[in-house]
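Coordinate analysis (summary)
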Number of protein chains: 2
Amino acid sequence: MATRTRRPERRQEPLSRERIVSAAVELLDTVGESGLTFRALAERLATGPGAIYWHVSGKTELLAAATDAVVATTVTEDETDATPWNAIRALALGVFDAIEAHPWVGTQLTQAPPQSPMLHIFERIGRQVQALQVPEAAQFTAASALMSYILGVAGQNAANTRTLQPGTDRTEFLDAVATAWEELDPDQYAFTRSVAGRLRKHDDRAEFLAGIDLILTGISARQQPTA
Amino acid sequence: MATRTRRPERRQEPLSRERIVSAAVELLDTVGESGLTFRALAERLATGPGAIYWHVSGKTELLAAATDAVVATTVTEDETDATPWNAIRALALGVFDAIEAHPWVGTQLTQAPPQSPMLHIFERIGRQVQALQVPEAAQFTAASALMSYILGVAGQNAANTRTLQPGTDRTEFLDAVATAWEELDPDQYAFTRSVAGRLRKHDDRAEFLAGIDLILTGISARQQPTA
DNA sequence: ACCTGAACACCGTTCAAGT
DNA sequence: ACCTGAACACCGTTCAAGT
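To start, this report covers the structure provided alongside it. (Residues numbered from 1 in each chain as written. Chains lettered and ligands numbered in written order. Predicted model: local features only at pLDDT ≥ 70, side-chain atom pairs only at ≥ 80, totals over all residues. Heavy atoms only, no water.)

Some points on the interface of chain B and chain A
- On the chain A side, the residues contacting the 58 residues of chain B number 58 residues.
- Summed over both sides, the interface between chain B and chain A buries roughly 4900 Å², with carbon and sulfur atoms accounting for 63% of that surface.
- Three residues, Phe-140, Phe-191 and Leu-214 of chain B, lead the burial of chain B against chain A; their summed loss comes to 16% of the area buried on that side.
- Between chain B and chain A we count 0 salt bridges in total.
- At the junction of chain B with chain A, the criterion picks out 16 residue pairs in polar contact (both at pLDDT 80 or more).
- Going through the elements one at a time, α6 (103-111), α7 (116-131), α8 (136-163), α10 (190-200) and α11 (204-221) of chain B are the ones with two or more residues in the side of chain B that touches chain A. (Contact = heavy atoms within 4.5 Å. Buried area = accessible area lost by both parts, 1.4 Å probe. Salt bridge = Lys/Arg side-chain N within 4 Å of Asp/Glu carboxyl O. Polar contact = N/O pair within 3.5 Å; in protein donor to acceptor, adjacent residues only side chain to side chain. Helix = DSSP H or I, 4+ residues; strand = E, 2+ residues; numbered from the N terminus.)

Encoded structure:
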């Protein structure tokens, strides 16, 4: 009985919600949405699939928690000296960049009920809308429109990344789309063909911001009508 | 040998891509996204699951085809006498209504690559943007922003419907959300609390259109700067 | 209280075999 | 050419049994 077999070194810390969620994020980032499996996750945590259920109610909650974790690190403090316009741009860009780094977050945000992570962003957009002196009756519409736009771009970006072969890069992909557009029927797709070239020198971030600016212009114009 | 058993009457028409897709739409509408199963679909078509694969390459294609089928019926002809603003509103409302009638279409549109059904809508929005006299360099941004906004609302609507218990209705749901918002921490969620009441007398369609108008205002304001 | 891992019910997809 | 349905590989989730 002298030589008791030592425990495998692997089993360092006990399981915890925190460890599970961070392992899930890792899995999602490296193997993609389809790679997050209770079996794969259990293996990575050196345990059985059932163990995870003691800390997390199921896959839905796990995905929500992973999304929360990523969005939380992205949403930093407000720069108090920024103008409302720039604060909103910074907020929107934060979400945009988080999704570019973790495409599965885009899928998740557009599908999850508007609760949890996006509510915090809605609040901060709303405060800046107030700072823009938007009349109270129009504040909700303004903040909602900005949110919907951000989520729309988020979803499309995530979809694009999902379509993308892991090998090919962004510009190659845009080039392929542009070529496909240029080969469309000239009668049915006159407009699409006319803007196809623009795709080739396309900057996702800049385009996203231009859309934000468009909405902000609309919000401001409402207060001081042109005509 | 006189009494040969007759074939069951069920087996009317032969299988076809068309019949498969329309059965899939029916299943999605009645039982929801999780109800669309190759086994369930096969049973409804009085055949085995394998038969479907002869007409359709897999589930991804099946979902895309089902989405195409629904969107195609929604996109009617342009009313040629409408102003560009109204034409864009009508276009956007068409997508909005299709998703309200078939929530799974919202999920699908926001996740599918921007190809197929939305490309047609993009084209038609683009033509109206041209009709608005938007300078060529700004047309792509304008049409893209409108599309992203529409897809964003589509996704949120689909997510809300998915969250909704099949029993409860829309106003009950909004009331519950409003109550939840009003119970948030006043320091952290001052803005969200201040707009919660507005949710109670909230009209999804009107709010959606208000967002479209905001973007259109932004697009127009760019041409005749206020200052 | 927390972990283990076999077992259950259910997927999408394939494929040899039929007509 | 088109259909059949058993079989395969793989899920999420449960649960009796362990510590």
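Additional details are given in the paragraphs that follow.
Some remarks on the protein's contact with DNA strand D
- In the vicinity of DNA strand D, 18 residues are found, and the nearest of them are Arg-39 and Lys-59 of chain A together with Thr-47, Trp-54 and His-55 of chain B.
- Backbone atoms, meaning sugar plus phosphate, form 52% of the atoms of DNA strand D positioned within 4 Å of the protein.
- Lys-59 of chain A is positioned with one of its side-chain polar atoms (N or O) 2.5 Å from a phosphate oxygen of DNA strand D.
- Backbone polar atom of Gly-50 of chain B to a base oxygen of DNA strand D: 3.4 Å apart, as the coordinates give it.
- Among the elements that take part in the surface near DNA strand D, helix α3 (residues 49-52) of chain B stands out by supplying 3 residues, more than any other. (Near = heavy atom within 4 Å.)

Considerations on α10 of chain B
- Taken together, the buried positions of α10 of chain B are Phe-191, Thr-192, Val-195, Ala-196 and Leu-199 of chain B. The buried residues of α10 of chain B occupy an angular sector of 150° when projected down its axis, which confines them to one face.
- In this structure, the buried residues of α10 of chain B make contact with α7 (116-131) and α8 (136-163) of chain A together with α9 (170-182) of chain B. (Buried < 20%, exposed > 50% of the residue type's maximum accessible area, 1.4 Å probe, protein only. Arc of directions from axis to C-beta.)

Details of the protein's contact with DNA strand C
- Thr-47, Trp-54 and His-55 of chain A together with Arg-39 and Lys-59 of chain B are the nearest of the 18 residues found near DNA strand C.
- Close to the protein, within 4 Å, the atoms of DNA strand C are drawn from sugar and phosphate at a rate of 52%.
- Side-chain polar atom of Arg-39 of chain B to a base nitrogen of DNA strand C: 2.6 Å apart, as the coordinates give it.
- At a separation of 2.5 Å, a phosphate oxygen of DNA strand C approaches a polar side-chain atom of Lys-59 of chain B.
- Elements represented by at least two residues in the surface near DNA strand C include exactly α3 (49-52) of chain A together with α2 (38-44) of chain B.
- The biggest single contributor to the surface near DNA strand C is α3 of chain A, with 3 residues.
- Its residues assigned to classes, the surface near DNA strand C shows 7 nonpolar, 7 polar and 4 charged. (Nonpolar A, V, L, I, M, F, W, Y, C, P; charged D, E, K, R; others polar.)

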